[in-house]
There are 2 protein chains.
Amino acid sequence: MSWDGVSDTLCPIARGLSVVGERWTLLIMRELSMGTRRFDDIQAQTGMSSHLLSLRLKQLEEDGVIERRAYSERPKRYEYFATQKGKELDPILLAIRAWGLKWGEYGPDAETAVKIVSKTTGEVIDKSLRILGKSDIFSFDDTETTLSNAYSNEREQRLDAFKQQKYGRR
Amino acid sequence: MSWDGVSDTLCPIARGLSVVGERWTLLIMRELSMGTRRFDDIQAQTGMSSHLLSLRLKQLEEDGVIERRAYSERPKRYEYFATQKGKELDPILLAIRAWGLKWGEYGPDAETAVKIVSKTTGEVIDKSLRILGKSDIFSFDDTETTLSNAYSNEREQRLDAFKQQKYGRR
């Protein structure tokens with residue numbers, strides 16, 4: 001069975017993975033959940049090649065997980081948004097985050113990269129996943145997020161490095 | 001950034017994905033969660049090549065996500081088990097399952113491939129993820145699972161096809 005055959009099963013885990021189990025796909029969805037909208041910014045933060053990013057975005061659009069909206073006509077430019085089907089991947093991202101927080105071997109004093117607080121309950125969402133009990137489907141839309149200084153710096157550096165590589169003099 | 005660079009970040013989602021974001025990895029973990037223990041059986045149910053499965057198992061062992069235990073000395077043969085770090089991937093599998101159940105385009109009358117019932121509450125675990133609210137970390141160990149006839153048949157057929165290919169006359 002090739003990877004294409006993975007969706008050919010009754011198992012919903014395998015069918016889910018046939019959409020989101022591709023390398024990079026969930027990193028793209030993380031960026032959309034964080035409000036990143038434009039091709040270059042997604043590329044800068046994920047570190048994907050533009051060829052691969054373009055393939056993955058096309059596939060995700062075909063899968064109904066994202067949609068693009070033109071924000072400029074000349075030249076034609078698009079912003080990318082998660083559809084409802086895409087937004088409902090948030091619990092998967094949250095579960096991966098919780099596992100990464102617990103098992104990711106940060107130092108004991110490491111600050112959380114993104115502090116996530118429920119808008120409805122004010123509860124800080126950490127590795128416990130308890131928040132998933134509050135409603136049927138967790139969504140980052142229902143949370144306020146604050147980047148730590150360190151993670152904010154990391155993202156700025158990624159963007160700078162990307163721009164330097166793409167536009168910079170050498 | 002190559003995929004190897006994905007773990008080099010403060011973001012716990014990216015660090016989690018650097019372990020479980022490889023194609024097939026979560027399918028292997030699904031099999032271990034279902035109690036599949038032996039190389040051939042994992043291969044039969046995932047459809048991976050033996051070369052790739054062997055690489056992935058080695059990597060997962062290095063990552064501390066699985067462990068192997070010898071069940072035969074001559075020839076040396078191993079069974080594979082999730083470690084605690086590996087078992088705590090269950091919430092990710094569950095979240096993917098929930099998404100797959102909702103968005104996987106089964107017919108409206110399709111029976112769930114695996115019925116999962118909480119041992120503590122008797123609650124059927126479906127796509128709502130509410131069960132995650134009951135304790136800090138969901139584990140399939142705390143559930144009873146029953147395969148639908150259709151999915152049970154699918155798995156038997158996979159095993160038969162695999163054995164036919166490996167040992168069968170042609």
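Small disclaimer: the values here were computed from a predicted structure and weren't measured.

### Section: the overall build of chain A
Item 1. Along chain A, the regular secondary structure elements total seven helices and four strands.
Item 2. Reading chain A from its N end, one meets helices and strands in the order α-α-α-α-β-β-α-α-β-β-α.
Item 3. On the principal axes, the C-alpha backbone points of chain A span a range of 45 × 45 × 30 Å.
Item 4. Buried positions account for 46% of the 170 residues belonging to chain A.
Item 5. Long-range pairs, those at least 24 residues apart, make up 54% of the contacts in chain A with a sequence separation of at least 6.

### With respect to the packing of helix α2 (residues 25–33) of chain A against helix α6 (residues 90–103) of chain A
All names here are of chain A.
Item 1. Following both chains from N to C, one finds α2 and α6 inclined at 105°, their axes separated by 10 Å at the closest point. Of the possible angle classes, the one that applies to α2 and α6 is roughly perpendicular. From α2, Leu-26, Met-29, Arg-30 and Ser-33 reach across to α6, where they touch Asp-90, Ile-92, Leu-93 and Ile-96.
Item 2. The residue makeup of the contact of α2 with α6, split by class, is five nonpolar, one polar and two charged.

### Section: the interface of chain A and chain B
Item 1. Listed per partner, the contact involves 56 residues of chain A and 56 residues of chain B.
Item 2. In total, about 5300 Å² of surface goes out of reach between chain A and chain B, with carbon and sulfur atoms giving 68% of it.
Item 3. Taken together, chain A and chain B are joined by four salt bridges.
Item 4. Between B:Glu88 and A:Lys102 there is a salt bridge; the shortest N-O distance is 3.1 Å.
Item 5. Remark: the boundary between chain A and chain B carries 15 residue pairs in polar contact (both at pLDDT 80 or more).

### Let's talk about the packing of aromatic side chains
Item 1. The full count for this structure, using the stated rule, is zero aromatic pairs over all chains.
Item 2. In this structure, A:Arg69 packs its charged tip against the face of A:Phe81, placed 3.6 Å from the ring centre.
Item 3. Seen from the ring of B:Tyr78, B:Arg68 lies directly overhead, with NZ or CZ sitting 4.2 Å from the centre.

### Structural notes on the packing of α6(A) against helix α6 (residues 90–103) of chain B
Item 1. Close contact between α6(A) and α6(B) brings their axes to 9 Å; oriented N to C, the two are set at 175°. Viewed along their axes, α6(A) and α6(B) adopt a mutual orientation that is roughly antiparallel. For the pair α6(A) and α6(B), contact is made by A:Pro91, A:Ile92, A:Ala95, A:Ile96 and A:Trp99 and by B:Pro91, B:Ile92, B:Ala95, B:Ile96 and B:Trp99, respectively.

### Concerning unusual backbone geometry
Residues and elements named next belong to chain A.
Item 1. That bond from Arg-74 to Pro-75 is cis: its omega, 0°, falls within 30 degrees of zero.
Item 2. For Trp-24, which is not a glycine, the phi torsion comes out positive at approximately 80°.
Item 3. Relative to the assigned elements, Trp-24 resides in the loop between α1 (12–20) and α2.

### Focus: helix α1 (residues 12–20) of chain B
Item 1. Counting buried positions along α1(B) gives eight out of nine residues, so the element sits mostly inside the fold.
Item 2. Turning to α1(B), its buried residues number three or more, namely B:Pro12, B:Ile13, B:Ala14, B:Arg15, B:Gly16, B:Leu17, B:Val19 and B:Val20.
Item 3. Lining the buried residues of α1(B) we find α2 and α6 of chain A together with α2 (25–33) of chain B.

### Considering the pairing of strand β3 (residues 114–118) of chain B
Residues and elements named next belong to chain B.
Item 1. β3 sits mainly inside the fold: four of its five residues count as buried.
Item 2. Note: β3 against strand β4 (residues 143–147), five bridges, orientation antiparallel. Across the sheet, residue Val-117 finds its bridge partner in β4, namely Glu-144.

### Examining the environment of B:Phe138
Item 1. As for its placement among the helices and strands, B:Phe138 is situated in the loop between β3 and β4.
Item 2. Sequence separation of B:Phe138 and B:Gly21 is 117 residues, and the distance between their C-alpha atoms is 20 Å.

### Observations concerning empty space enclosed by the protein
Item 1. Under the defined criterion, the tally for this structure stands at five cavities of 30 Å³ or more.
Item 2. Estimates place the volume of the largest cavity at around 100 Å³.
Item 3. In terms of lining residues, the largest cavity is bounded by 19 residues, among which A:Val20, A:Gly21, A:Leu26, B:Val20 and B:Gly21 are the most central.
Item 4. Breaking the lining of the largest cavity down by element, the ones donating at least two residues are α1 and α2 of chain A together with α1 and α2 of chain B.
Item 5. Grouping the constituent residues of the lining of the largest cavity by class yields 11 nonpolar, four polar and four charged.

Conventions used here
Counting restarts for each chain: residues are numbered from 1 in the order of the written sequence. Note on labels: chains are lettered from A, ligands numbered from 1, in written order. Reporting of local features is limited, given that this is a predicted model, to residues whose pLDDT is at least 70; pairs of side-chain atoms are given and counted only at 80 or more, and all residues count toward the totals for whole chains, interfaces and linings. Here the side-chain values reflect all heavy atoms present in the structure, with hydrogen atoms and water set aside. Only runs of H or I of at least four residues qualify as helices and only runs of E of at least two qualify as strands under DSSP, and these elements are numbered from the N terminus. Whether a residue is buried, partly exposed or exposed follows from its accessible area with a 1.4 Å probe, protein chains only, as a fraction of its type maximum: under 20%, in between, or over 50%, in that order. Throughout, a residue-residue contact means that at least one pair of heavy atoms, one from each residue, lies within 4.5 Å. What counts as an axis is a line fitted to C-alpha atoms, over the stretch in contact for a helix, and the angles between N-to-C directions run from 0 to 180 degrees. Here roughly perpendicular refers to angles of 65 to 115 degrees, roughly parallel to angles under 35, roughly antiparallel to angles over 145, and oblique to all remaining angles. In this classification, the charged set is Asp, Glu, Lys and Arg, the nonpolar set is Ala, Val, Leu, Ile, Met, Phe, Trp, Tyr, Cys and Pro, and all remaining amino acids, among them Gly, are polar. What counts as buried area is the accessible surface, traced by a 1.4 Å probe, that two parts surrender upon association, with contributions from both included. Any carboxyl oxygen of Asp or Glu within 4 Å of a side-chain nitrogen of Lys or Arg constitutes a salt bridge here. Within 3.5 Å is the distance limit for a polar contact, defined as a pair of N or O atoms, with the added protein rule that one can donate a hydrogen and the other accept it, and that residues adjacent in sequence qualify only through two side-chain atoms. Ring pairs are drawn from Phe, Tyr and Trp, using the six-membered ring of Trp, whenever the two centres fall within 6.5 Å, and their geometry is named by plane angle: stacked under 30 degrees, edge-to-face over 60, tilted for the rest. Here, a charge over a ring means that NZ of Lys or CZ of Arg falls within 6 Å of the ring centre while also lying within 35 degrees of the ring normal. Think of it this way: DSSP has to see at least two bridges between two strands before they count as a pair. With a 1 Å grid laid over protein atoms only, a set of points is called a cavity when a 1.4 Å probe fits there but cannot get out and a pocket when it is open yet has protein on both sides within 12 Å along at least five of seven lines; lining residues have an atom within 4 Å of a point. Grid points are joined across faces, edges and corners, and a volume is the space filled by probe spheres set on the points.

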